[in-house]
Amino acid sequence: MYVCMCHAVTEDQVKKAIDGGANTPRQIAKGCRAGTDCGSCVRRIQALLGEHGARPCPTARLAAKLGLADPEDPAVPSAPAPEVAPVVPLRVTRANRAA
């Protein structure tokens, strides 16, 4: 599966870089350029780093420093989802179109 579409970098290539000693997104980028163009793959790279015991992403470190719960920890009950007002579609009329 591709992690970085901009540079055609696969998940296996990122895992090999991690196994080779890379432990930050920047170190992975030095080897294969993943995460250096649009940046949409950086979160997946961070997740792969975390799965392989490398340095967690800055947000996880900050949450740990502040004593916040891990959102993926099943022992911690999640807060109920806030109620959201239903979305009502707008009707387009001739008067609306002219405006």
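Preceding block: the structure.
Throughout what follows, the structure given in this document is the object of discussion. (Residues numbered from 1 in each chain as written. Predicted model: local features only at pLDDT ≥ 70, side-chain atom pairs only at ≥ 80, totals over all residues. Heavy atoms only, no water.)

Another aspect to go through is the nonpolar core. Ranked by internal contacts, the top residues of the largest apolar core, which has 13 residues, are Val3, Val9, Val14, Ile18, Ile28, Ala34 and Ile45. Looking at this core, the elements with two or more residues in it are β1 (2-4), α1 (11-19), α2 (25-32) and α3 (42-51). The element contributing the most residues to this core is α3, with three residues. Those residues within four positions of isoleucine 18 in sequence are excluded, and the remaining contacts are Ile28, Leu48, Leu49 and His52. (Core = buried A, V, L, I, M, F, W, Y, C linked by side-chain atoms within 4.5 Å. Buried < 20%, exposed > 50% of the residue type's maximum accessible area, 1.4 Å probe, protein only. Helix = DSSP H or I, 4+ residues; strand = E, 2+ residues; numbered from the N terminus. Contact = heavy atoms within 4.5 Å.)

As a further point, take unusual backbone geometry. At alanine 8, a residue that is not glycine, the phi angle is positive and equals roughly 50°. Here alanine 8 lies in the loop between β1 and β2 (9-10). On the accessibility criterion, alanine 8 (44% relative accessible area) is partly exposed. Residues other than glycine seldom take positive phi values, yet arginine 33 does so here, at roughly 70°. You can see arginine 33 is positioned in the loop between α2 and α3.

This brings us to the side chain of glutamate 11. With respect to the element layout, glutamate 11 can be found in helix α1. Taking relative accessible area as the criterion, glutamate 11 reaches 15% and is therefore assigned buried. With near-sequence residues (within four places) excluded, glutamate 11 lies in contact with Met1, Val3, Arg44 and Leu48.

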